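Next come the chains, spelled out residue by residue.
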Amino acid sequence: MRSLLNFASRDIAIDLGTANTVVYVSGKGIVTSEPSVVAMELVNGARKVRAVGDDAKLMMGKTPDNIRTVRPLRAGVIADLEVAEEMIKHFIRKAHAGPSRFSRGPEVVICIPSGATSVERRAIRDAVSNAGADRVSLIEEPMAAAIGAGLPVAEPIGSMVVDIGGGTTEVGVISLQGLAFCRSARVGGDRMDDAIASYVRRNFNLLIGEATAERVKMEVGAAVRPPDGKGSKTYVRGRDVTRGVPGEIELSQAQVADALAEPVSQIVEVVRTALEHTQPEIAADVIDQGITMTGGGSLLRDIATVLEDSTGLSVRIADDPMSCVALGAGQTLEEQVLRGALMAA
């Protein structure tokens, strides 16, 4: 029997992302946005939470043998149920900081990939319920992203949203508060980081960690090679696998663009597939509306240009793209007219 935490009566929406978790509290807005990372310490054979979020991410790749950093979500779904529950509890407590006189748990709206299986959806529901939620509703990420980006989801107008997260890329064609077509591919920011790390090892015999690969992506990452063939540069440090000692190399923007070519092409292919399956009348609306991009991956340099060139449609990046999914899920709590976008869990 689960024990309920003491909460205020405010309900919350959670964008439980592979890379970051964003928490929205009704009446307040977004209150927490932290990495989806948990540091677990082994004490007398039992796992104990040492740190969550920002503090845990600082430990990645730098922990002693008795401490392990865990990312409980992979490709947008829960890979470690126990750790995911602890992480969700932490974020809910943080969202409802301070003493409370209320004993009931909050209603929680949780975002899920559109391609999640029934087993994966049940795992997410169970994790949130065990963390203390009184009622759990699910909303698919493309729908939440479209609502958060301000698209006319409740009207008979077709819209297309592309949400590039840490673990998945979600493409949704939305009309009349429903998904006319959706496609989910397990490619996103994590795959980009892996591609950079693989490129560096393959070409320079240098082993780098997740945090370094992510930094390189954010500093000089690009979807296309720069016109001068080089672009901006950054220094990368890691372990030389041939000599077994620390090493440092210089990476150019052009080299990083080459490393990212495969995941970028996979994202483009997912978008093109969605367009091929879009109903003709909705496709006509998409020509007028264009494509809206959300998620952290939409911040990669020139990725909007690549999509424009591949589809022939106008592409815009939403305001505050990293928060769109959480904002959209939160709006379903605030606005009764959007409740139809939710699925009971």
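This text follows the structure it describes.
Residues numbered from 1 in each chain as written. Predicted model: local features only at pLDDT ≥ 70, side-chain atom pairs only at ≥ 80, totals over all residues. Heavy atoms only, no water.

J.: Outline the environment of A56, supporting the account with residue identities and numerical values.
T.: By the secondary structure assignment, A56 is in helix 1 (residues 54-59). For the pair formed by A56 and T278, sequence separation is 222 residues and the distance between their alpha carbons is 42 Å. Look past the residues within four positions of A56 in its chain and what remains in contact with it is V37, V38, A39, A51 and T69. (Helix = DSSP H or I, 4+ residues; strand = E, 2+ residues; numbered from the N terminus. Contact = heavy atoms within 4.5 Å.)

J.: Before we move on, can you summarise the pattern of salt bridges with the specific residues and values?
T.: In total, this model carries 17 salt bridges according to the counting rule given. For the salt bridge of R125 with D126, the shortest nitrogen-to-oxygen distance reads 3.1 Å. Judged by relative accessible area, which is 29%, D126 ranks as partly exposed. Shared partners join several salt bridges into a network, and the residues in it are R47, D80 and E82. (Salt bridge = Lys/Arg side-chain N within 4 Å of Asp/Glu carboxyl O. Buried < 20%, exposed > 50% of the residue type's maximum accessible area, 1.4 Å probe, protein only.)

J.: Explain unusual backbone geometry to me, using residue names and the numbers behind them.
T.: Backbone geometry at N205 places phi at a positive 55°, although glycine is not the residue there. Looking at the element boundaries, N205 is found in the loop between helix 5 (189-204) and strand 14 (206-207). Judged by its relative accessible area of 35%, N205 is partly exposed. With phi around 50°, D320 is a residue other than glycine that occupies positive phi space. Note on placement: D320 falls in the loop between strand 18 (315-317) and helix 11 (324-334).

J.: Requested: an account of the pairing of strand 5 (residues 46-52), with residues and values cited.
T.: Two strands pair when backbone bridges link them, and strand 4 (residues 38-43) and strand 5 are joined in this way by six bridges, in the antiparallel orientation. Bridged to L42 within strand 5 is R47. Hairpin connection between strand 4 and strand 5: a loop of two residues separates the two successive antiparallel strands, and N44 in this loop has a positive phi of roughly 50°. (Pairing = 2+ DSSP bridges.)

J.: For the sheet that holds strand 14, give the residues involved together with the corresponding values.
T.: Across the sheet, which stays open at both edges, the three strands sit in the order 14-15-16 with antiparallel pairing between neighbours. The sheet terminates laterally at strand 14 and strand 16 (246-252), the two strands that pair on one side only. Taken together, the seven bridges between strand 15 (residues 233-240) and strand 16 define a ladder with antiparallel strand orientation. Pairing of R237 across the sheet is with E248, part of strand 16. Here helix 6 (residues 210-220) sits on the sheet and contacts strand 15 and strand 16; the angle it forms with strand 15, its principal contact strand, is near 170°. (Axes fitted to C-alpha atoms, helices over the stretch in contact; angles between N-to-C directions.)

J.: Tell me about the nonpolar core, residues and numbers included.
T.: Core analysis: the biggest nonpolar cluster contains 42 residues, and M160, I196, I208, L251 and M293 have the highest contact counts within it. A total of six residues in this core trace back to one element, the largest contributor, which is helix 8 (residues 261-276). With residues near it in sequence (within four places) discarded, I208 still touches I196, A197, V200, A213, V236, R237 and G238. Counting residues in each nonpolar core, the second largest holds 28 residues, with M40, V52, I78 and I112 among its members. (Core = buried A, V, L, I, M, F, W, Y, C linked by side-chain atoms within 4.5 Å.)

J.: Give a description of the state of the cysteines that names residues and reports values.
T.: Counting across every chain of the model gives zero disulfides. You can see C111 has no disulfide; the closest cysteine sulfur is in C324, sitting 11 Å from it. For C324, a relative accessible area of 0% translates into the label buried. (Disulfide = S-S within 2.5 Å.)

J.: Break down the environment of A116 for me, citing the residues and quoting the values.
T.: Here A116 is to be found in the loop between strand 9 (107-112) and helix 3 (118-130). For the pair A116 and S184, spaced 68 residues apart in sequence, the C-alpha to C-alpha distance is 8.5 Å. With residues near it in sequence (within four places) discarded, A116 still touches V77 and R121.

J.: Which residues make up the sheet that holds strand 4, and what values do they have?
T.: Sheet architecture is open: three strands sit in the order 5-4-6, paired in antiparallel fashion. Two strands close off the open sheet at either side, each with one partner strand: strand 5 and strand 6 (67-70). Across the sheet, the mean angle from the axis of one strand to that of its neighbour is 30°, orientation sign disregarded. Bridge count for strand 4 against strand 6 is four bridges, and the pairing is antiparallel. When the bridges of strand 6 are listed, V38 appears paired with V70. Seen against the sheet, helix 2 (residues 81-95) touches strand 4, strand 5 and strand 6 and runs at an angle of roughly 40° to strand 5.

J.: Please give an account of the pairing of strand 11 (residues 159-164) that cites residues and values.
T.: Every other side chain in a regular strand lies on the same face of the sheet, so the side chains alternate between the two faces. Here strand 11 lies mainly inside the structure; six of its six residues are buried. Residues S159, V161 and D163 line one face of strand 11 and the alternating positions M160, V162 and I164 line the opposite face, and both faces are buried. The antiparallel pairing of strand 11 with strand 12 (residues 169-175) creates a hairpin that spans four residues between the two strands. Here strand 11 pairs with strand 17 (residues 291-294) via four bridges, running parallel. Note that in strand 17 the partner of D163 across the bridge is T294.

Scope: geometric values only; no functional claims are made or implied.
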